[in-house]
Structures are given as structure tokens and as C-alpha cells.
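Coordinate analysis (summary)
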Amino acid sequence: AQSVTQLGSHVSVSEGALVLLRCNYSSSVPPYLFWYVQYPNQGLQLLLKYTSAATLVKGINGFEAEFKKSETSFHLTKPSAHMSDAAEYFCAVSDRVSGTYKYIFGTGTRLKVLA
Amino acid sequence: GAGVSQSPSNKVTEKGKDVELRCDPISGHTALYWYRQSLGQGLEFLIYFQGNSAPDKSGLPSDRFSAERTGGSVSTLTIQRTQQEDSAVYLCASSSGEANQPQHFGDGTRLSIL
């Protein structure tokens, strides 16, 4: 079965600094990977997805992620953090189980942006 | 609206009562998922529907939890004889059922057991 590991349950950056949120996956086949963001009292919102078309994926709100097969990584980055980026971020992979698709989520990284 | 709708948004009930949580997925989405998110925690998978059938119930924490989906659309998650540890946010998501398509989430039901 596939799995997802997010390193760092909490990350703090200064406003304007680079955001880097780490995600590593385990998969024996090319995966489909997703990053979601969750703001307080809301559900998860899709930021971007990797479906093998391009290794560098651009998403909403200025975020992007690069798929690196050799490192089994799909880290999320943003060049310049805004206060509004403070939220929880989840990495996920879809996995085929018994003929259907199940999503495996990481444990999440809470991003704090300091003024 | 076009998104996933969950009701109620908040539910407060006494220990021992039964509760029903409702999820209305995006029209045409064949796959529907329920998750539980405890305070400050990640997502705990509960159950997955493909159409009206539930091929994966592995995440239901006890026999007090059950879920159904009718007409390939609306789903209800029922918790019987609620306990304080059931307090959490219950999230519903739907998708087209294809691996390369993301899930779309509702805003959740915040359940508080007194």
C-alpha cells in the first residue's frame, strides 16, 4: 500500500520568506499526488495535483510543487509567504485498493506566518 | 451550490444520544468518502462509497458507526449511543472515482458530545 509522510507538523516562516512544506511518498507505481489546504473551520481545498503530465505543477495562490521520482518527493513551495497563507496543508496520494481508488493523506503541516 | 454540502454545520448533543450527519455530494460524483478530524489532528478515514455500495468500511471505529448512501447521491453517517470521544469534525468528500481526479470536500460537521 502507498503511504505519505509529511516532515514537520509545524512550520513557521516570516512574511515574504520562502515557504517549503515537505512531502514524501512510497509507491511502486507512478502515483497521483495532491496538495490540499485547510483554513480554520473549513474543509480541505485543492491547491494542486500531479498526474504525470509535468513534473513542476503550479497551483492556486502562487503555490507550486515539483515531483521528483528519484527522491520520491512532492514538496510544496511558494516564493513569498503572505499572512493569508497561514493554514494547515495536507499532502495526499491516490491508491488503488480492491479495484477502487482510495486517498491516503499525510498527517498535515500547520504553517504559521510571522509578521 | 455546486460544491459538497454537509449538514448540520454544528451539532451539540448529550452523551448516549444518536446523531445523523448528512452529506450531499457534487452532482455526478460516484465516489463519496467520510473522514473524521479530531482537534489538531489529521484526517482519519472512516468509509468509502462507490455508487450505493461501500467497498471499504475499514475505518469505522466501532459498530456504533454506520453509513448509507441512497440513489448514488446523498449519504448519511449515523453514530449511535454517542460517547465524548466521538467529538470531532466529520468531513465528507466526493470525487469522480478516477485516480487522477481530486476529492472535493464539504466544510464539515462539528460534533460536540456533552
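Below is a short write-up of the structure. Predicted model only: the values in this text are computed from it and were never measured.

**Here we look at the environment of Tyr89(A)**
Residue and element names in this part refer to chain A. Mapped onto the elements of the fold, tyrosine 89 is located in strand β10 (residues 87-97). Sequence spacing of tyrosine 89 and leucine 56 is 33 residues, and the spatial spacing of their C-alpha atoms is 18 Å. Not counting chain neighbours up to four residues away, the residues in contact with tyrosine 89 comprise Gln6, Leu21, Trp35, Tyr36, Val37, Leu47, Phe63, Leu76, Gly108, Thr109 and Leu111.

**Description of the sheet that holds strand β3 (residues 19-24) of chain B**
The strands making up a sheet are joined through hydrogen bonds of the backbone, oriented either antiparallel or parallel. All names here are of chain B. The strand order across the open sheet formed by four strands is β1-β3-β8-β7, and the pairing between neighbours is antiparallel. Pairing within the sheet leaves two strands with one partner each, and these edge strands are β1 (5-7) and β7 (65-69). Neighbour-to-neighbour, the strand axes of this sheet turn through a mean angle of 15°, independent of strand direction. Here β3 runs beside strand β8 (residues 75-79); their pairing, made up of five bridges, is antiparallel.

**Examining unusual backbone geometry**
Cis geometry is found at the peptide bond from Ser7(B) to Pro8(B), where omega equals -10°. A positive phi angle, close to 45°, is found at Thr72(A), a residue other than glycine. Here Thr72(A) shows up in the loop between β8 (64-68) and β9 (73-78). You can call Thr72(A) partly exposed: its relative accessible area is 29%. Here Arg81(B), not a glycine, exhibits a phi torsion of approximately 50°, which is positive. With respect to the secondary-structure elements, Arg81(B) resides in the loop between β8 and β9 (88-95). Take Arg81(B): its relative accessible area is 42%, and that puts it in the partly exposed class.

**A few points about the nonpolar core**
In terms of nonpolar packing, the biggest core is built from 27 residues, with Trp35(A), Phe74(A), Leu76(A) and Tyr89(A) touching the most fellow members. The set of elements that each furnish at least two residues to this core consists of β2 (10-14), β3 (19-21), β5 (32-38), β6 (44-50), β8, β9, β10 and β12 (109-114) of chain A. Broken down by element, this core gets its largest block of residues, four residues, from β10(A). Excluding its chain neighbours within four sequence positions, the residues that come into contact with Leu76(A) are Val19(A), Leu20(A), Leu21(A), Trp35(A), Leu47(A), Leu48(A), Phe63(A), Glu64(A), Ala65(A) and Tyr89(A). Residues Ile26(B), Trp34(B), Ile47(B) and Phe65(B) belong to the second largest nonpolar core, which totals 19 residues.

**What about the interface of chain A and chain B?**
Listed by partner, the interface residues are 19 residues for chain A and 23 residues for chain B. Across the chain A/chain B interface, buried area totals approximately 1800 Å², and carbon plus sulfur atoms make up 55% of it. The largest contributions to the chain A side of the interface with chain B come from Tyr101(A), Lys102(A) and Tyr103(A), which together make up 29% of the buried area. One can count zero salt bridges joining chain A with chain B. Counting across the chain A and chain B interface gives six residue pairs in polar contact (both at pLDDT 80 or more). Here the side of chain A that touches chain B is built from residues that sort into nine nonpolar, eight polar and two charged.

**Some details on the layout of surface pockets**
Empty space within the largest pocket amounts to approximately 480 Å³. Lining the largest pocket are 22 residues, with Gln38(A), Asn41(A), Gln42(A), Val89(B) and Arg110(B) positioned closest to its centre.

Here is what the cut-offs are and how they apply
- Residues numbered from 1 in each chain as written.
- Chains lettered and ligands numbered in written order.
- Predicted model: local features only at pLDDT ≥ 70, side-chain atom pairs only at ≥ 80, totals over all residues.
- Heavy atoms only, no water.
- Helix = DSSP H or I, 4+ residues; strand = E, 2+ residues; numbered from the N terminus.
- Contact = heavy atoms within 4.5 Å.
- Pairing = 2+ DSSP bridges.
- Axes fitted to C-alpha atoms, helices over the stretch in contact; angles between N-to-C directions.
- Buried < 20%, exposed > 50% of the residue type's maximum accessible area, 1.4 Å probe, protein only.
- Core = buried A, V, L, I, M, F, W, Y, C linked by side-chain atoms within 4.5 Å.
- Buried area = accessible area lost by both parts, 1.4 Å probe.
- Salt bridge = Lys/Arg side-chain N within 4 Å of Asp/Glu carboxyl O.
- Polar contact = N/O pair within 3.5 Å; in protein donor to acceptor, adjacent residues only side chain to side chain.
- Nonpolar A, V, L, I, M, F, W, Y, C, P; charged D, E, K, R; others polar.
- 1 Å grid on protein atoms, 1.4 Å probe; cavity = no way out; pocket = protein on both sides within 12 Å on 5 of 7 lines; lining within 4 Å.
- Points joined across faces, edges and corners; volume = space filled by probe spheres on them.

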